[in-house]
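The lines below spell out each chain.
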Amino acid sequence: MKLVKLKWCQIIVSLSCVLLTIACNNSHTTIPNSGTKYLKVATDPTFIPFEIQRANGKLEGFDIDLMNAIADSSGFTVQFQSLPFDGMISALQAKKIDAAISGMTITPKRLKTISFSRPYLKAGLAIAVREDNSDIQDLNSLQGKRIAVQIGTPGADFAKTIPNAKISTFNSGPEFFQDLLNGNVDAVFCDAFATLYALKINSLPKIKVVGNILTEEYYGIATPQDSPYLNLINKSLSTLFANGTYTKIYRKWFNTLPPQLPEQLY
Ligand code: ARG
């Protein structure tokens, strides 16, 4: 009997230890300064293969997988919210959303009003033209040409540096590709990665990319300044880089190994 009692005591002590360990491990997953485990994350699903909305409404893409993996490793749930790209920065500033993942380039200008996570993808700008255009082959042949850009993007800033270019601005990427096809503009400044992917899967017919990649850019997850979640997002990103999850997601979408990324940009 004595022996049995002792065993029960041991079981209770061991159980308490297990429960205590679980509690301790969970304590760091509680989102600081909030009782909620839901994070409102904006995305503009017009940017293949980073965010795409399927016909049944389901969101897919590299950014979506990455954000879900971050949520898994941090212990929160993501509520995705579709927002037009040009409305994201003001929504973040007004704290209507907790974060945005949308192939958004980290720029010094944007850092004046919002914050970014550590870089999660290396990208750059490309020149896209109609397939039958043999006139424009590189940056130098863009002088005086009609160039379309997406409002408020690094492409829009870059276009301003081309002598005598006539720049048209668009709210979304798909719109400027349509204008290129219609012959209203001669070239488009677009994100190389996304455009080359779209060309590969034939979702941008009659368009080609010419010249070199013009810039070196990095995407980051955007948050309001002083966000209580930024640290958590960065910690999870570091975990996913270290434990192979990031590489797995990268290979799923791009079929190759990811390049080395800087830990901090500015
Ligand atoms: N990388 C560019 C930027 O940050 C364009 C991103 C467009 N993304 C989108 N989901 N439409 O300005």
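Residues numbered from 1 in each chain as written. Predicted model: local features only at pLDDT ≥ 70, side-chain atom pairs only at ≥ 80, totals over all residues. Heavy atoms only, no water.

By the naming in an unreviewed UniProt entry, the chain is Basic amino acid ABC transporter substrate-binding protein, taken from Aetokthonos hydrillicola Thurmond2011.

Draft legend 1. Structural detail: the packing of helix α2 (residues 62–74) against helix α8 (residues 230–242). With their axes 9 Å apart at the nearest point, α2 and α8 run at an angle of 100° to one another. Regarding the angle of α2 to α8, the classification is roughly perpendicular. For the pair formed by α2 and α8, the contact residues are L66, A69, I70, S73 and S74 on the first element and L232, I233, S236, L237 and L240 on the second. Of the residues that constitute the contact of α2 with α8, the class distribution is seven nonpolar, three polar and no charged. (Axes fitted to C-alpha atoms, helices over the stretch in contact; angles between N-to-C directions. Helix = DSSP H or I, 4+ residues; strand = E, 2+ residues; numbered from the N terminus. Parallel < 35°, antiparallel > 145°, perpendicular 65-115°, else oblique. Contact = heavy atoms within 4.5 Å. Nonpolar A, V, L, I, M, F, W, Y, C, P; charged D, E, K, R; others polar.)

Draft legend 2. Quick peek at α2. The terminal C-alpha atoms of α2 lie 18 Å apart, and with 13 residues this matches the ideal 18 Å at 1.5 Å per residue to within 8%. For α2, the set of buried residues is F62, D63, I64, L66, M67, A69, I70, A71 and S74. Just downstream of α2, G75 is the residue with a positive phi angle, here 85°. (Expected span 1.5 Å × (residues − 1). Buried < 20%, exposed > 50% of the residue type's maximum accessible area, 1.4 Å probe, protein only.)

Draft legend 3. Spatial organisation of the site of the ligand. Near the ligand you find 15 residues, and of these D44, G103, T105, R110 and D191 are the closest. Residue S102 places a main-chain N or O atom 3.0 Å away from a nitrogen atom belonging to the ligand. Between an oxygen atom of the ligand and a main-chain N or O atom of T105, the distance comes to 2.7 Å. A total of 350 Å² of accessible area belongs to the ligand in isolation, and the protein chains cover 99% of it. (Near = heavy atom within 4 Å. Polar contact = N/O pair within 3.5 Å; in protein donor to acceptor, adjacent residues only side chain to side chain. Areas by Shrake-Rupley, 256 points an atom, 1.4 Å probe, with all protein chains shown as cover.)

Draft legend 4. Molecular detail of the environment of K112. Mapped onto the secondary structure, K112 falls in the loop between α4 (108–111) and β7 (114–116). Residue classification places K112 among the exposed positions, given a relative accessible area of 66%. Residues K112 and Q225, spaced 113 residues apart in sequence, show a C-alpha to C-alpha distance of 8.9 Å.

Draft legend 5. Highlighting the packing of α2 against helix α9 (residues 245–254). Two numbers describe how α2 lies on α9: the axes approach to 10 Å, and their chain directions differ by 160°. If you check the angle between α2 and α9, you find them roughly antiparallel. As for the relative orientation of α2 and α9, their crossing is right-handed in sense. From α2, F62, D65, L66 and A69 reach across to α9, where they touch T245, Y246, I249, Y250, K252, W253 and F254. Residue composition of the contact of α2 with α9, grouped by class: eight nonpolar, one polar and two charged. (Left-handed = near helix turned anticlockwise from the far one by under 90°.)

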